[in-house]
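The primary structure of each chain is shown beneath.
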Amino acid sequence: MYKSEEEFLKNYNSSKFEKLSMTTDIIVFSVSDRPQDNYRKNDEKHMSVLLVKRQNYPYKDKWCLPGGFLDTKENLEECPKRILERETNIKDVYLEQLYTFGDVNRDPRMRIVSTSYMALIDKNKLLNKLNENASWFDIKIIERKDNTLIFKLENEKEKIEFKAKKKLKKCMGEQYEYEIIENEKLAFDHALVIVTGMGRLRNKINYTDIVFHMMPEYFTLGELQKVYEVILDKKLLDPAFRRIIADKVEKTDKLKKGEGHRPSALFTYKR
């Protein structure tokens, strides 16, 4: 029996315990404009996710989220920022912790637990060029009546499709848990991370201010509503939308002019 904490720590032998590693995976979602041919029409919003093609085994040449191992001498919050810049050349974006993924078989190399982070940005406003092995994939989600979700990801050269089942958590309101039932092109459990992140984003957009991390300083209510609609994947009635954002924005004396429309009032985020 040890007589003090100092004596215990001096004789503590960590080799008796199995080793595991910590990683971080980062989901970067973007809602950005897809320009219209007719200047009188507002630009169409679309959603995309940032993926990286793996250069090494395991899962060589498959797509995954930006991710990597936690250094033993860095804080958990520093890790995703460092890895995101290293893997994609993106930096100085707002990240918030999403979920911890710890399935025993999630990585074929060893026992690995991953803390995932999520960002919401406008990719058209990024100043730095992406690394060569990083690419944006447009997202289309089809939800069937049997609660099957079909995710279709596409860039200029490749298409990725995977399927998930969602199930309502008991006593948890509108929160769901997910199971991947079909996936061939995404590495590790990153299909599950993307589905979980998309569900969390749709839930958080109604009660947090996460959407304003990708909005410009001044915007019209119509522009903000389109961002909400593309994330939620549904048309919002104007009165319902106004109630959602009533306490989050304030009107300015500025107007948006010169795009073939009547001048529109500009709003700003009420910090």
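Refer to the preceding data block for the structure.
Residues numbered from 1 in each chain as written. Predicted model: local features only at pLDDT ≥ 70, side-chain atom pairs only at ≥ 80, totals over all residues. Heavy atoms only, no water.

Some details on the nonpolar core
- Of all hydrophobic cores here, the largest spans 48 residues; its most connected members are Phe-29, Leu-51 and Leu-224.
- Discounting chain neighbours no more than four positions away, the residues touching Leu-51 are Trp-63, Cys-64, Leu-65, Asn-133, Ala-134, Ser-135, Phe-137, Leu-153, Ile-160, Leu-186 and Ile-194.
- Counting 15 residues, the second-largest nonpolar core is a separate cluster that includes Val-28, Ile-90, Ala-119 and Ile-121. (Core = buried A, V, L, I, M, F, W, Y, C linked by side-chain atoms within 4.5 Å. Buried < 20%, exposed > 50% of the residue type's maximum accessible area, 1.4 Å probe, protein only. Contact = heavy atoms within 4.5 Å.)

A closer look at the packing of aromatic side chains
- Overall, the coordinates contain seven aromatic pairs when judged by the stated rule.
- Judged by centre distance (4.9 Å) and plane angle (75 degrees), the rings of Trp-63 and Phe-137 are edge-to-face. Of the two residues, Trp-63 is situated in strand E3 (residues 63-64) and Phe-137 in strand E7 (residues 134-143); the sequence distance between them amounts to 74 residues.
- In this structure Trp-63 comes out as buried when scored by relative accessible area, which is 7%.
- For Phe-137, a relative accessible area of 0% translates into the label buried.
- Geometrically, the ring pair formed by Phe-212 and Tyr-269 is stacked, given 4.6 Å between the ring centres and 15 degrees between the ring planes. Remark: Tyr-269 occurs in strand E12 (residues 264-269) and Phe-212 occurs in the loop between helix H3 (190-204) and helix H4 (221-232); sequence separation between them is 57 residues. Pair check on accessibility: Phe-212 and Tyr-269 agree, each one buried.
- Here a set of aromatic residues connected by ring pairs shows up, and it is made of Phe-212, Phe-219 and Tyr-269. (Phe/Tyr/Trp six-rings, centres within 6.5 Å; stacked < 30°, edge-to-face > 60°. Helix = DSSP H or I, 4+ residues; strand = E, 2+ residues; numbered from the N terminus.)

Digging into unusual backbone geometry
- Following Tyr-57, the chain continues to Pro-58 via a peptide bond in cis, the omega torsion being 0 degrees.
- Within the secondary structure layout, Pro-58 lies in the loop between strand E2 (44-53) and E3.
- Of note, Asp-92 is a non-glycine position whose phi angle comes to about 60 degrees, a positive value.
- Within the secondary structure layout, Asp-92 lies in the loop between helix H2 (78-88) and strand E5 (96-101).
- In this structure Asp-92 comes out as exposed when scored by relative accessible area, which is 78%.

Some words on the environment of Met-47
- Residue placement: Met-47 occurs in strand E2.
- Accessibility expressed as a relative area gives 5% for Met-47, which makes it buried.
- For the pair Met-47 and Ser-4, spaced 43 residues apart in sequence, the C-alpha separation works out to 57 Å.
- The contacts of Met-47, once residues within four sequence positions are left out, are Phe-29, Ser-30, Val-31, Phe-137, Asp-138, Ile-139, Met-198, Leu-201, Val-230 and Ile-231.

Here we look at the pattern of salt bridges
- Applying the stated criterion across every chain yields a total of 18 salt bridges.
- For Lys-125, the salt bridge goes to Asp-122, with nearest N and O atoms at 2.9 Å.
- Overall, the relative accessible area of 9% leaves Asp-122 in the buried class.
- The partner of Lys-256 in a salt bridge is Glu-223, and the shortest N-O contact between them spans 2.1 Å. Placement of Lys-256 in strand E11 (residues 249-256) and of Glu-223 in helix H4 is noted, with a sequence separation of 33 residues between them.
- Lys-256 gets classed as partly exposed once you look at its relative accessible area, which sits at 27%.
- Accessibility expressed as a relative area gives 22% for Glu-223, which makes it partly exposed. (Salt bridge = Lys/Arg side-chain N within 4 Å of Asp/Glu carboxyl O.)

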